[in-house]
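Each chain, letter by letter, is given below.
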There are 2 protein chains.
Amino acid sequence: MNCIDFTLKDTVKFLKKNSNYIILTHASPDGDTLGAGYALYYGLKQLGKRVEVICPDVIPQKFAYFLCDTDHVSRENAVVIAVDVADKRLLGALQEDFGDTVDLNIDHHVSNARYAKNLYLDADAAATCEIIYELLSALKIKFNDTIAKALYTGLATDTGCFKYSCVTAKTHKIAAALYDYNIEADVINKVMFDTKSKDLLTLERMVLDTAEYHFNDKCMILTITAAMQEKTGCSGPDLEGITEISRSVEGVIAGVTIKQTGSDTYKASLRTYDPLNASEICKKLGGGGHKNAAAVTLCGSLDDVKVKILDAIKQQMEEKHAWTSAAE
Amino acid sequence: MNCIDFTLKDTVKFLKKNSNYIILTHASPDGDTLGAGYALYYGLKQLGKRVEVICPDVIPQKFAYFLCDTDHVSRENAVVIAVDVADKRLLGALQEDFGDTVDLNIDHHVSNARYAKNLYLDADAAATCEIIYELLSALKIKFNDTIAKALYTGLATDTGCFKYSCVTAKTHKIAAALYDYNIEADVINKVMFDTKSKDLLTLERMVLDTAEYHFNDKCMILTITAAMQEKTGCSGPDLEGITEISRSVEGVIAGVTIKQTGSDTYKASLRTYDPLNASEICKKLGGGGHKNAAAVTLCGSLDDVKVKILDAIKQQMEEKHAWTSAAE
C-alpha cells in the first residue's frame with residue numbers, strides 16, 4: 001500500500017473534514033499512546049465530532065485522571081486514526097480488525113512501518129504527545145487541565161521525565177506551556193516514576209541477589225526466574241524497571257536481564273553503552289532491537305542461556321577492544 | 001545583623017561594581033550550589049573580575065565537566081558571595097572564616113536564615129541556578145556550553161529531573177533556553193540519576209533484605225547497619241538514594257530508614273505522605289525537619305530505636321485517623 005506523508009497542515013485539514021473518528025492506541029498502553037489518544041479525543045470533541053478511543057488492552061488504573069467514557073462510533077463510517085503505533089502488529093488484539101484500515105497514523109518513531117493510508121510522522125518529537133500538542137494548537141483547541149495532564153503524561157513518561165537524549169528545547173517549551181494549567185506534575189511524576197508495589201520491591205530484592213559480574217565488571221547479569229514471578233505475582237510490564245537496574249551500575253557497558261518465560265525458555269534483554277552494540281549481539285543469537293537496547297529469546301537451561309549470551313558479548317568486546325584483560 | 005533584601009537590579013549593580021569576588025558553596029556540595037557557583041564565576045570572569053570559587057568539601061568527580069581552576073583572590077579586599085547556602089552553618093569548614101562576613105547571599109530556600117549583609121532570595125525558584133540564569137541574562141553575559149551545562153546540572157539535580165513540586169513553567173523555559181547549547185543533557189542525567197557503584201547496589205540489596213512493614217503496610221522500615229556500611233564502603237551521601245526507596249512503595253505513608261551511626265546510636269530518616277507530618281513525629285523524639293522529610297538521632301539498641309519511632313508514628317496515625325485497623 002502506498003503510504004502518503006502528511007504535513008501538520010494536511011493533518012489539521014483531515015481532522016476538520018470528517019465527522020466520526022476512531023482513535024486506536026497501541027497494545028500494552030503507555031503514557032504517550034494514551035495521553036495522545038485522549039488529548040486528541042478531547043480536541044476533536046471540541047470540534048463537535050463523534051469520537052471513540054479504543055485501546056487493545058486494559059488501561060492501567062494509574063492513568064485514570066485523564067480518561068473518560070468516549071462515544072460509540074459505528075465502524076462503517078468512521079475514520080480510523082492510530083496514535084503512537086509504529087507498526088500494525090503493535091495494535092495487538094485490534095490488528096485483525098484495524099491493521100489494514102488505518103486512515104491516519106500520527107507517530108514519532110523513526111522506525112515507523114508506514115502501514116497506514118496517511119502518516120504524520122515527526123521523528124524529532126520526543127513523544128507523540130509533542131505532536132498532538134502542536135496539532136491541537138493549530139486546530140485552535142481550548143486547552144484545559146485534563147488535556148494538559150494527558151499531554152504532560154506522554155511527554156514525561158516517554159522521556160524518563162526529560163532525562164533522555166530525545167528531549168529537545170521544544171519538549172521543555174511545551175512542558176512550560178502545560179504548566180499554565182493545573183497539571184499537578186509532581187503528583188503525576190510520583191505515580192509514573194516513584195511508585196512500586198510491595199511485591200515488586202520484594203521481586204527486586206530477589207533479583208539483586210542474583211547479580212553476577214563478568215569481564216572485569218563490564219558486564220552484569222540479573223536473573224528473574226519463573227519461581228520469583230510466581231511468588232510475587234509480578235510479570236510483564238512490572239518487570240521493565242528491572243532491566244534498567246542492569247545498566248545503572250558504574251562501569252557496566254553490557255547489562256543483561258534474563259527472564260524465564262517457560263520451563264526451558266528465557267528472554268535475555270540487553271542494555272549496552274558504547275562501544276558495544278546490543279542489536280548486533282542479539283542478532284547473532286537470533287534476536288534484535290536497537291543499538292543500545294535489544295533482546296533475544298533463547299532455549300536451554302539457565303546456565304546454557306548465560307553461556308550463550310556471555311559468549312556473544314565477549315566476542316563483541318574483543319572485536320571492539322572493549323575488554324583487553326585476560327581476567328576471565 | 002540587619003540583612004538587606006536585594007532585588008535582581010540591586011544584585012546586578014553589586015556584581016558590576018566590585019572587582020574581586022570570592023564565591024562560596026555549601027558543604028557536601030550538590031549540583032545546584034556548584035552549578036550556581038561556577039556559572040556565576042564564568043559570568044563574572046567575562047566582566048573582567050578576579051574570582052575565586054571555594055567549596056568547603058572535596059568536589060565529587062562527577063561534576064568535573066563544568067569545573068575549572070579559579071583565580072586566587074586575597075581575602076582582604078574580596079567581596080564574599082554565598083550561593084545556595086541557606087544558613088551559615090551549611091558553610092561547614094568555611095563557617096569560621098566566612099560565616100559572619102558574607103556580603104551577598106543568593107539563594108532559593110524559603111527557610112533562609114538571613115545571615116548575610118545582603119540577600120537576593122527567590123523562594124519561588126526551583127533551584128539557585130534558575131536565579132543565576134536570570135542574573136547572567138540581566139548582566140548580558142554571553143552563554144556558552146560550559147555555563148549552560150553548569151546551570152542545567154543545578155536545575156536538573158534540585159528538581160529530581162523536573163519531577164518535583166518546586167518546578168514551574170519558568171524552570172522548563174530556562175531548560176529550553178539551555179538546550180540552545182551543547183549541554184548533552186542525557187549524559188548529565190545518566191551520571192546524576194542513573195549511575196550507582198557496584199558497592200552501592202550490593203548495599204541496596206542488603207538493605208532491601210531488612211524491609212519490614214507495619215500498620216497494614218502503611219509504614220515501611222529499612223535498616224542500614226554499620227556492618228553493611230563497612231562491608232560495602234558506602235556511607236554519607238551515597239546512602240541518600242536509599243531513603244527514597246522507603247517512600248516509593250505503593251500505600252506506604254511513613255517510610256523510615258534507620259542508619260547506624262555508632263555502636264548504639266542510629267539516625268532515623270522519615271519520609272511521609274499526607275496526612276502524616278514527618279517534622280511533628282521527629283520533633284516528639286527530639287529531631288526535626290520538613291513536613292514530608294525529617295530525621296532524628298536516637299540512642300539504644302536497634303530494636304529500642306524501632307520501637308520508639310514506630311510508637312511515635314502509630315500515635316500520629318491514630319491522631320490523624322490514618323490507621324483505623326487493629327491489625328497491630
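Residues numbered from 1 in each chain as written. Chains lettered and ligands numbered in written order. Predicted model: local features only at pLDDT ≥ 70, side-chain atom pairs only at ≥ 80, totals over all residues. Heavy atoms only, no water.

This next bit is on the packing of helix H5 (residues 145–158) of chain B against helix H7 (residues 185–193) of chain B. Residues and elements named next belong to chain B. Taken N-terminus to C-terminus, the directions of H5 and H7 make an angle of 45 degrees; their axes are 11 Å apart at the nearest point. Classified by the angle their axes make, H5 and H7 are oblique. Note on packing geometry: the crossing formed by H5 with H7 is right-handed. Residues Lys 149, Tyr 152, Thr 153, Ala 156 and Thr 157 of H5 pack against Ala 185, Ile 188, Asn 189, Met 192 and Phe 193 of H7. Residue composition of the contact of H5 with H7, by class: six nonpolar, three polar and one charged. (Axes fitted to C-alpha atoms, helices over the stretch in contact; angles between N-to-C directions. Helix = DSSP H or I, 4+ residues; strand = E, 2+ residues; numbered from the N terminus. Parallel < 35°, antiparallel > 145°, perpendicular 65-115°, else oblique. Left-handed = near helix turned anticlockwise from the far one by under 90°. Contact = heavy atoms within 4.5 Å. Nonpolar A, V, L, I, M, F, W, Y, C, P; charged D, E, K, R; others polar.)

Okay, the environment of B:Leu310 next. All names here are of chain B. Position of Leu 310 among the secondary structure elements: in helix H12 (residues 302–319). For Leu 310, a relative accessible area of 12% gives the class buried. The spacing of Leu 310 and Cys 219 is 91 residues in sequence and 8.6 Å in space, taken between C-alpha atoms. When near neighbours in sequence (up to four residues on either side) are disregarded, Leu 310 contacts His 214, Phe 215, Cys 219 and Ile 221. (Buried < 20%, exposed > 50% of the residue type's maximum accessible area, 1.4 Å probe, protein only.)

Residue-level contacts link 37 residues of chain A with 37 residues of chain B. Counting across the chain A and chain B interface gives six salt bridges. Close ionic contact of A:Lys198 with B:Asp217 constitutes a salt bridge, the shortest N to O distance being 3.1 Å. At the surface where chain A touches chain B, the tally comes to 17 residue pairs in polar contact (both at pLDDT 80 or more). Counting only elements with at least two residues in the side of chain A that touches chain B, the list comes to helix H6 (169–178), helix H7 (185–193) and helix H8 (198–208) of chain A. A class-by-class count of the residues in the side of chain A that touches chain B yields 18 nonpolar, seven polar and 12 charged. (Salt bridge = Lys/Arg side-chain N within 4 Å of Asp/Glu carboxyl O. Polar contact = N/O pair within 3.5 Å; in protein donor to acceptor, adjacent residues only side chain to side chain.)

Glancing now at the relation of the copies chain A and chain B. Rotating chain A by 180 degrees and translating it 0.0 Å along the rotation axis places it on chain B, where the RMSD comes to 0.1 Å. On this basis, the relationship between the two copies can be described by a two-fold rotation axis. By C-alpha distance to the rotation axis, the residue of chain A lying nearest is A:His172, at 2.6 Å. Taken as a fraction of all interface residues of chain A, those also at the interface in chain B reach 100%, which identifies the copy contact as same-surface. (Least-squares fit on C-alpha atoms with pLDDT ≥ 70 in both.)

Residues and elements named next belong to chain A. Summarising the sheet, strand E10 (residues 265–272) and strand E12 (residues 293–299) pair through seven bridges and their orientation is antiparallel. Looking across to E12, one finds that Leu 270 is bridged to Ala 294. Alignment of strand E11 (residues 288–289) against E12, held across two bridges, turns out to be antiparallel. In the strand pairing of E12, Gly 289 is matched with Ala 294. The hairpin formed by E11 and E12 contains three residues between the paired strands. (Pairing = 2+ DSSP bridges.)

By the definition in use, this model includes 21 aromatic pairs over all chains. Measuring from ring centre to ring centre gives 6.0 Å for A:Tyr152 and A:Phe162, while their planes differ by 50 degrees; the resulting arrangement is tilted. With A:Tyr152 in helix H5 (residues 145–158) and A:Phe162 in the loop between H5 and H6, the pair connects residues that are 10 residues apart, well separated along the chain. Across this residue pair, the class does not change: A:Tyr152 and A:Phe162 are buried. Both rings, one in B:Tyr41 and one in B:Tyr42, keep their centres 5.3 Å apart while their planes meet at 75 degrees; by these two values the pair is edge-to-face. Through a chain of ring-to-ring contacts, the aromatic side chains of A:Tyr38, A:Tyr41, A:Tyr42, A:Phe63, A:Tyr65 and A:Phe66 assemble into a single cluster. The positively charged end of B:Lys198 is found above the aromatic ring belonging to A:Tyr213, 4.4 Å away from the centroid. (Phe/Tyr/Trp six-rings, centres within 6.5 Å; stacked < 30°, edge-to-face > 60°. Lys NZ or Arg CZ within 6 Å of the ring centre and 35° of its normal.)

So, about the environment of B:Arg271. All names here are of chain B. For Arg 271, the location among the structural elements is in strand E10 (residues 265–272). Accessibility expressed as a relative area gives 15% for Arg 271, which makes it buried. Sequence separation between Arg 271 and Ala 293 is 22 residues, and the spatial gap between their C-alpha atoms is 4.7 Å. Beyond its immediate stretch of four places on either side in the chain, Arg 271 contacts Thr 243, Glu 244, Ser 246, Arg 247, Ile 253, Ala 254, Gly 255, Asn 292, Ala 293 and Ala 294.

Glancing now at the pattern of salt bridges. Any two side chains of opposite charge can pair, so long as their charged atoms come close to each other. One pass over the structure, following the stated rule, counts 37 salt bridges over all chains. Residue A:Asp209 is joined to B:Arg205 by a salt bridge in which the shortest nitrogen-to-oxygen separation is 3.1 Å. Of the two residues, A:Asp209 sits in the loop between H8 and strand E7 (212–214) while B:Arg205 sits in helix H8 (residues 198–208), which places them in two different chains. Between B:Lys196 and B:Glu204 there is a salt bridge whose closest N-O contact spans 3.0 Å.

All names here are of chain B. Taken together, the six strands give an open sheet; going across it, the order is E7-E8-E9-E10-E12-E11, and neighbouring strands pair in mixed fashion. The open sheet terminates on both sides in strands that have one partner only, identified here as strand E7 (212–214) and strand E11 (288–289). In the sheet, E7 pairs with strand E8 (residues 219–224) via three bridges, with the strands oriented antiparallel. By the bridge assignment, Glu 212 is partnered in E8 with Ile 221. Of the strands in this sheet, E7, E8, strand E9 (254–262), E10 and strand E12 (293–299) touch H12, which is tilted by about 155 degrees from E9.

Bringing the sheet that holds strand E8 (residues 219–224) of chain A into the picture now. The mixed open sheet is built from six strands, whose spatial order is E7-E8-E9-E10-E12-E11 (chain A). Every interior strand has two partners, whereas the edge strands, E7 and E11 of chain A, have only one.

The subject of this paragraph is the side chain of A:Thr210. Residues and elements named next belong to chain A. By secondary structure assignment, the location of Thr 210 is in the loop between H8 and E7. A relative accessible area of 19% means that Thr 210 is categorised as buried. A distance of 2.9 Å separates a polar atom in the side chain of Thr 210 from the backbone nitrogen of Thr 223.

Moving on: H12(B). Residue and element names in this part refer to chain B. Taking 1.5 Å of rise per residue, 18 residues should cover 26 Å, and H12 covers 26 Å from first to last C-alpha, within 8% of that figure. If you check which residues of H12 are buried, you get Val 305, Lys 306, Ile 309, Leu 310, Ala 312, Ile 313, Gln 316 and Met 317. In an axial view of H12, the angular spread of the buried residues amounts to 160 degrees, which keeps them on one side of the axis. Check the buried side of H12 and you find it contacts E7, E8, E9, E10, helix H11 (278–284) and E12. After H12 finishes, the residue His 321 shows a positive phi value of roughly 55 degrees. (Expected span 1.5 Å × (residues − 1). Arc of directions from axis to C-beta.)

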